[in-house]
Amino acid sequence: MKISVFGLGYVGSVSAACLAARGHVVVGVDVNPAKVGFIAGGQAPVVEERIGELTADVVRRGALRATTDVAAAVAETEISLVCVGTPSAPNGSLSTTYLERVAEQIGTVLAGKDEWHTVVFRSTMLPGTCSGLLIPILEKASGKTAGVDFGVAVNPEFLREGSSVRDFFEPPKTVIGSHDPVSADLVARLYEGLPGEVFRVSIPVAEMTKYADNSFHGLKAAFANELGAICHALGVDSHQVMDVFVADRKLNVSPAYLRPGFAFGGSCLPKDLRGLVYAARRADVSVPLLSHVLPSNEEHLKRAFDLVTASGRRRIGLFGLSFKPGTDDLRESPLVELAERLVGKGYDLRIYDANVTLSRLIGANRDYIEGRLPHLGDLLSNSVDDVLAHAEVCVVGCTEPAVLRALDAAGDRMIVDLVRLPDAQKRRATDGYVGLGW
Ligand SMILES: NC(=O)c1ccc[n+]([C@@H]2O[C@H](COP(=O)([O-])OP(=O)(O)OC[C@H]3O[C@@H](n4cnc5c(N)ncnc54)[C@H](O)[C@@H]3O)[C@@H](O)[C@H]2O)c1
């Protein structure tokens, strides 16, 4: 393919050289003549493992060249990869200035180009940037319609500086966001044969994946460092602790706990987080991340409460009460907390949980619930249909088959979904349904 790459920084110069090495004909474009000069001289504008030899080789073979001439680059290629910087603005917001400028420049050239051209944004940008900002700029400058007269895709870059050439050839995954299949196919062809799963998604999902990754990577590093600081203060070798931690591929380094849902609870997580944060405080170790995990969970609970109260209706059916499916443990269940707040605010609540029968609750579990919801007996029903009949708003905290069946007959009742029902994707588009985090 004939490809133009806009922005010859870390992402652009590596993508350009690697694509040229894969047999494509690539022209790099940058506003900085020094970067263009480097490529012209067969040198990479950045320092990276292997990039020097690779650039020299592809430039020598005529597979890669560079220019400051946008019009020529767009005219002679079929696809443009936009890799310009999106730095932080002083207030922390993302600066889209360079993206806007490139979109305008490419759009202007597209006005006079008859052949199909696809613009692919590789820069990191927040959801909504492409459809809300860049496509309108491209359309205005070209006088054409995206998806009809030219293609647009978002294809975030996952390479890491230092090992970017290796990462290009062995990507963890390829993400292609697009609303026209022609562009998605074209982008897929660029990476044909490379390892890693290919995800074809909507444009906003593609934009967001990069933020999910980078915020998680930051979170992981901060978590490990805070844990290390506590271990150090307690005289424990954190690396030995983390050797054990990372070896657990079931619960730790795994998809477990990584699906947005309701607040966490139960008899262990809140208690042990509190205990650890207290131990850190006693040892004068500041752990802002760990200290804010329970407040974050509390905010999530509040979000659910606000969704219910925003409905403006008073008769609530709560489906699920224990802290997770398949147990009757009510201790520190966020659903109990939610029920307690609703009752406290005078909502007319009925509860169904197949696993919870008042007469069978014993010990600490019974003491806990008697302290939190002393009139649970009046609220709890063993008939899912009775709770549905009572409800103007169904708050769904479990996915038991009986509950799913009952919800099929929910009619025009409002549904506040705390667990992502199996048919949530379909329901999201309907009135009266609201998901907690999707
Ligand atoms: N650096 C990384 O490891 C990495 C990894 C993945 C994603 N990203 C994202 O990719 C994007 C680029 O990052 P980078 O580190 O390569 O940035 P960079 O600052 O190294 O390079 C950006 C280049 O764009 C050029 N440029 C600016 N306006 C231009 C225009 N109108 N036309 C042509 N060129 C123009 C600049 O001169 C510069 O050379 C950012 O959104 C970044 O967040 C970076």
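Whatever comes next refers back to the structure up there.
Remember, predicted model here, so these are calculated numbers, not experimental data. (Residues numbered from 1 in each chain as written. Predicted model: local features only at pLDDT ≥ 70, side-chain atom pairs only at ≥ 80, totals over all residues. Heavy atoms only, no water.)

Asks: Go over the overall build of the protein, please, and point to the residues and values.
Replies: If you tally the helices and strands in the protein, you get 19 helices and 13 strands. Across its three principal axes, the protein shows a C-alpha extent of roughly 80 × 60 × 40 Å. A total of 438 residues make up the protein; the buried ones form 46% of that total. Put simply, of all contacts in the protein between residues at least 6 apart along the chain, 69% involve residues at least 24 apart. Taken as a whole, the protein presents about 21700 Å² of accessible surface, with 54% of it coming from carbon and sulfur. Side-chain charges of the protein comprise 45 positive and 52 negative groups, with the mean position of each set lying 1 Å from the other. (Helix = DSSP H or I, 4+ residues; strand = E, 2+ residues; numbered from the N terminus. Buried < 20%, exposed > 50% of the residue type's maximum accessible area, 1.4 Å probe, protein only. Contact = heavy atoms within 4.5 Å. Areas by Shrake-Rupley, 256 points an atom, 1.4 Å probe, with all protein chains shown as cover. Lys, Arg positive; Asp, Glu negative; His and termini not counted. Charge placed at Lys NZ, Arg CZ, Asp CG, Glu CD.)

Asks: If you had to explain the layout of surface pockets to someone new, which residues and values would you point to?
Replies: One way to see where empty space is left: roll a probe the size of a water molecule over the atoms. A volume near 210 Å³ is recorded for the second largest pocket. What lines the second largest pocket is a set of 15 residues, among which Phe 264, Asn 297, Leu 301, Glu 332 and Glu 337 lie closest to the centre. Elements with a contribution of two residues or more to the lining of the second largest pocket: α11 (269-282), α13 (293-310), α14 (334-344) and α15 (363-372). Ranked by the residues each element gives to the lining of the second largest pocket, the list is headed by α13, at four residues. For the lining of the second largest pocket, the per-class residue count stands at six nonpolar, three polar and six charged. (1 Å grid on protein atoms, 1.4 Å probe; cavity = no way out; pocket = protein on both sides within 12 Å on 5 of 7 lines; lining within 4 Å. Points joined across faces, edges and corners; volume = space filled by probe spheres on them. Nonpolar A, V, L, I, M, F, W, Y, C, P; charged D, E, K, R; others polar.)

Asks: Please provide a residue-by-residue account of the side chain of Ser 95, values included.
Replies: If you trace the backbone, Ser 95 turns up in the loop between β4 (79-82) and α5 (97-110). There is a polar contact of 3.1 Å between the side chain of Ser 95 and the side chain of Thr 97. Not counting residues within four places of it along the chain, the set of residues in contact with Ser 95 comprises Thr 86, Pro 87 and Ala 89. (Polar contact = N/O pair within 3.5 Å; in protein donor to acceptor, adjacent residues only side chain to side chain.)

Asks: Can you break down the pattern of salt bridges residue by residue, with the values?
Replies: Summed over the entire model, instances satisfying the criterion amount to 19 salt bridges. In this structure, Lys 173 engages Asp 213 in a salt bridge whose closest nitrogen and oxygen atoms are separated by 2.5 Å. Of this pair, Lys 173 sits in strand β7 (residues 173-178) while Asp 213 sits in helix α9 (residues 203-234), and the two are 40 residues apart along the sequence. Given the relative accessible area of 16%, Asp 213 is considered buried. The partner of Glu 337 in a salt bridge is Arg 372, and the shortest N-O contact between them spans 2.7 Å. Of this pair, Glu 337 sits in helix α14 while Arg 372 sits in helix α15, and the two are 35 residues apart along the sequence. Note on Arg 372: relative accessible area 26%, which makes it partly exposed. A cluster of three or more residues bridged by salt bridges with shared partners is formed by Glu 298, Glu 337, Glu 340, Arg 341 and Arg 372. (Salt bridge = Lys/Arg side-chain N within 4 Å of Asp/Glu carboxyl O.)

Asks: Could you give an account of the site of the ligand, naming the residues involved and the relevant values?
Replies: Around the ligand lies a shell of 23 residues, among which Val 11, Asp 30, Thr 86, Thr 124 and Glu 161 are the nearest. In the model, an oxygen atom of the ligand is placed 2.6 Å from a nitrogen or oxygen of the Asp 30 side chain. The separation between a nitrogen atom of the ligand and a polar side-chain atom of Gln 105 is 3.3 Å. Burial of the ligand by the surrounding chains reaches 80%, relative to a free accessible area of 840 Å². Secondary structure elements with two or more residues in the shell around the ligand: α1 (10-21) and α5. A total of four residues in the shell around the ligand trace back to one element, the largest contributor, which is α5. Partitioned by chemical class, the residues of the shell around the ligand number ten nonpolar, seven polar and six charged. (Near = heavy atom within 4 Å.)

Asks: Help me get a handle on the pairing of strand β6 (residues 151-154), residues and values and all.
Replies: Burial of the side chains of β6 extends over both faces: Gly 151 and Ala 153 are buried on one face and Val 152 and Val 154 on the other. Since strand β5 (residues 118-121) and β6 lie parallel, the crossover through helix α6 (residues 129-142) that links them has a hand, and here it is right-handed. Two elements, β6 and β7, share two bridges in a ladder whose sense is antiparallel. Each bridged residue has a counterpart across the sheet, and for Val 154 the counterpart in β7 is Gly 177. (Right-handed = clockwise from strand over helix to strand, strands pointing away. Pairing = 2+ DSSP bridges.)

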